[in-house]
Amino acid sequence: MFESVLVANRGEIACRIIRTLRDLGIRSIAVYSDSDAGARHVRLADVAVRIGPAPAAQSYLSAEAIIVAARQTGATAIHPGYGFLSENADFARACAEAGVVFVGPGVAAIDVMGDKIRAKAHVAARGVPIIPGAGEAGMSDAELAAAAKGVGYPLLIKPSAGGGGKGMTVVEKASDLAGALVTARRVAQSAFGNDALLLERYVDRPRHIEVQVLADRHGNVVHLGERECSLQRRHQKVVEEAPSPLLDSTQRDRMGEAACEVARSVDYVGAGTIEFLVSDAKPDEFFFMEMNTRLQVEHPVTEAVTGIDLVEQQLRIAAGEALDLAQQNIALTGHAVEVRLYSEDPERGFLPAAGTVGYLREATGAGIRVDSALIDGLVVGTDYDPMLAKIIASAADREQALRRLDDAIAETVVLGVRTNREFLQKLVADPDVRAGKLDTGLIERFLGTIEFEQPSNELLEAVAATRAPAADGSAWHDARGWRIGAHRATRFRVIDGHGHEADVQVGDEVVSSDAITLDRGTITWVATPTAIFELDFLTREQQFAAHRLTLTRAPGEADPNIRTPMPGTVIAIERKSGDEVEAGQVLVTIEAMKMEHKLLASVAGVVTIDVVQGDQVATDQVVATISPHKGAAA
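Residues numbered from 1 in each chain as written. Predicted model: local features only at pLDDT ≥ 70, side-chain atom pairs only at ≥ 80, totals over all residues. Heavy atoms only, no water.

**Structural notes on the overall build of the protein**
When helices and strands are counted, the protein shows 17 helices and 36 strands. For 634 residues, the compact-globule estimate of 2.2 N^0.38 gives 26 Å, and the protein sits close to it at 27 Å. Along the three orthogonal principal directions, the C-alpha set of the protein runs to about 90 × 60 × 55 Å. With 634 residues in all, the protein has 51% of them scored as buried. Of the accessible surface of the protein, which amounts to about 27300 Å², a share of 49% is contributed by carbon and sulfur atoms. Side-chain charges of the protein comprise 64 positive and 88 negative groups, with the mean position of each set lying 1 Å from the other. (Helix = DSSP H or I, 4+ residues; strand = E, 2+ residues; numbered from the N terminus. Rg over C-alpha atoms; globule rule 2.2 N^0.38 Å. Buried < 20%, exposed > 50% of the residue type's maximum accessible area, 1.4 Å probe, protein only. Areas by Shrake-Rupley, 256 points an atom, 1.4 Å probe, with all protein chains shown as cover. Lys, Arg positive; Asp, Glu negative; His and termini not counted. Charge placed at Lys NZ, Arg CZ, Asp CG, Glu CD.)

In structure tokens, the structure reads:
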């Protein structure tokens, strides 16, 4: 076994890998960018090495910097985790040239499976069923548009070199294809350095089921059952479970054997995942989508039902050991479900969120596992993926696992940065989810019905009471002021993080609350078992400034100042200052946490752009202003 392993990743996956390295007595080496200097994975590792500034391209995506760090620290192997360089064939080659073991498959397997077009043709030749589609490297938009006629609509655009749902776009009709191809190419080039695209028939209400495989250098290949990953938003998995509630043992064996055949076809080595689309109506019909030549985010649910540490298996295989697992001895026991906790704001279209963690409570208890990068004081920025933690619950059956998961989500409290906790609670409680009636479009339908909780008057009064200045007995020192006559309640103007306003007064009798709170200036974060609120108790100055803004606009008129809803980087400017625009036209595109967000004109008029491409912008920063058309009435 290796003496020391460098973990070429960050966040919760780096922490999770380091845990197994410790269990095996292997020296762990972390790498970090400037923004991660105080991160949890840095604190957990035996050694930590700075590899560059915050932008991933200059740090975690720099193969050269990581190889240098490995040499400096005497690492005998590099574990790439997932994301970043984990499926990069050039990085695997660089490791080999440097004499460091890459904990992953061979270069040939990465090359074949890293190109979705080539991968589909390759596995089809081995008799594995594939989804109808089209696309070859170098095809132009015009050629793809012509090929789309044979694929049919609706169809799915996918970056050939991509993964994780980045750049994937559903196109319902031919008239929408041209614009979707432009956006998909830009995202593909930015995320993967390759703008090649392919088209696939979009299967209505499919289920996304993947199979975990392990393969060693001695020709042994086994599968560890399947994971159901159908609960997705924008092709990004949100909830995963093992085993799938859809499959029976016969279907599981057929799909498992197909996955093993895919692995054997490229002489695969290590842990890998083969992803299939499965018909909900006909579980016997499954289609190969892609192979992920790395560890998956959702691997803990497989570990929970098999009792097998996948990271340990990766390390043993990379060290040349033979698998000590026989297919007939691998059994799935019980059920496990995982949710991903993201720094995002579901009530505002899941926009990425940033902030500093000021209070943290993570779930514990029987059958509960939390893979987390969270620590008190953690600064959450927008340079990387927004996933903060994974909450996993396991039990003897699915119903009990879901109950435990529901309790664990409620127990989880992160204050100081917005998260998707309330959304996860409501999703896990959805009747279709509880019944196992899953498909990849469920979340989009669910979003049309969800109602996010608003703070009650009783909660607002209780929190306001904690902010009301206390008197010391002297009227001259009472910050609340005083008057002759009857007592007057202290009044507050409160606005939550989503623009909902309320007037609150604190009288002699105050409603108590057992909510968890965190004060930061005028803002109080409040956590209840079912929701977390960000409450801004406006000062008189803030109230006056807000009132002045309304004086320049007619009631109900949109704000002519276009503001960023989250921090990020300006990656495209669609209009120039002086252009006349109509309401709804795209003005500026912001990138945050690997996602693009288009900022639209709120009203018609003449635009003034206040940023340039490459600018870093903060939440609520004005990036453009729209003035009335020339000649329009003032």
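We are not done yet, so read on.
**Looking at the nonpolar core**
The biggest cluster of nonpolar side chains holds 38 residues, and the ones touching the most others in it are Val339, Leu374, Leu405, Phe423 and Leu427. Mapped onto this core, the elements with two or more residues apiece are strand 12 (236–242), strand 15 (335–342), strand 22 (387–395), helix 12 (398–411), helix 13 (421–428) and helix 15 (442–447). Among residues more than four places away in sequence, those in contact with Leu427 are Val238, Val239, Val433, Leu442, Ile443 and Phe446. Formed by 31 residues, the second largest nonpolar core is a distinct cluster that contains Ile13, Ala77, Tyr82 and Leu315. (Core = buried A, V, L, I, M, F, W, Y, C linked by side-chain atoms within 4.5 Å. Contact = heavy atoms within 4.5 Å.)

**Some details on helix 10 (residues 299–306)**
With seven of eight residues buried, helix 10 is to be regarded as a mostly interior element. Where helix 10 is concerned, the buried positions are His299, Pro300, Val301, Thr302, Glu303, Val305 and Thr306. One or two residues past the end of helix 10 sits Gly307, with phi positive at roughly 75°.

**A word on the sheet that holds strand 32 (residues 586–592)**
The strand order across the open sheet formed by four strands is 33-32-30-35, and the pairing between neighbours is antiparallel. Each edge of the sheet is formed by a strand with only one pairing partner; in this case those strands are strand 33 (595–600) and strand 35 (616–617). Sheet topology note: the strand 30 (residues 568–573)/strand 35 ladder contains two bridges and is antiparallel. Bridge pairing in strand 35 places Gly568 opposite Val617. Together, strand 30, strand 32 and strand 33 form the strand contacts of helix 8 (residues 177–192), whose direction differs from that of strand 33 by roughly 135°. (Pairing = 2+ DSSP bridges. Axes fitted to C-alpha atoms, helices over the stretch in contact; angles between N-to-C directions.)

**Focus: the sheet that holds strand 25 (residues 501–506)**
Backbone hydrogen bonds are what pair the strands of a sheet, in a parallel or an antiparallel way. Strand order in the open sheet made by the five strands is 25-24-28-27-26, with antiparallel pairing throughout. For this open sheet the edge positions go to strand 25 and strand 26 (516–520), each flanked by a neighbour on one side alone. In this sheet, adjacent strand axes meet at a mean angle of 30° when their direction is disregarded. Where strand 27 (residues 523–527) meets strand 28 (residues 532–538), five bridges bridge the pair, whose relative direction is antiparallel. When the sheet's bridge partners are listed, Thr524 is paired in strand 28 with Leu535. Contacting strand 24 (490–496), strand 25, strand 26, strand 27 and strand 28, helix 16 (residues 457–467) crosses the sheet at an angle of about 60° to strand 25.

**Description of the pattern of salt bridges**
Counted under the stated rule, the structure contains 43 salt bridges. Where salt bridges share partners, they join Glu12, Arg16, Arg19, Glu303, Asp309, Arg369, Asp371 and Lys390 into one cluster. (Salt bridge = Lys/Arg side-chain N within 4 Å of Asp/Glu carboxyl O.)

**A few points about unusual backbone geometry**
At the junction of Tyr153 and Pro154, the peptide bond is cis and its omega measures out at 0° in the coordinates. Locating Pro154 in the fold gives a position in the loop between helix 7 (141–151) and strand 7 (155–159). Geometrically, the link from Ala242 to Pro243 is a cis peptide bond, its omega value of -5° lying close to zero. Along the chain, Pro243 falls in the loop between strand 12 and helix 9 (249–265). In the Ramachandran plot, Arg234 falls in the positive-phi region, its phi being about 55° despite a non-glycine side chain. Assignment of secondary structure puts Arg234 in the loop between strand 11 (221–233) and strand 12.

**Things to note about the packing of helix 3 (residues 63–73) against helix 4 (residues 89–98)**
Contact geometry of helix 3 with helix 4 gives a least axis separation of 10 Å together with a crossing angle of 30°. In terms of orientation, helix 3 lies roughly parallel with respect to helix 4. Judged by the sense of rotation from one axis to the other, the crossing of helix 3 with helix 4 is right-handed. For the pair helix 3 and helix 4, the contacting residues are Ala63, Ile66, Ile67 and Arg71 in the first and Phe91, Ala94, Cys95 and Ala98 in the second. By residue class, the composition of the contact of helix 3 with helix 4 is seven nonpolar, no polar and one charged. (Parallel < 35°, antiparallel > 145°, perpendicular 65-115°, else oblique. Left-handed = near helix turned anticlockwise from the far one by under 90°. Nonpolar A, V, L, I, M, F, W, Y, C, P; charged D, E, K, R; others polar.)

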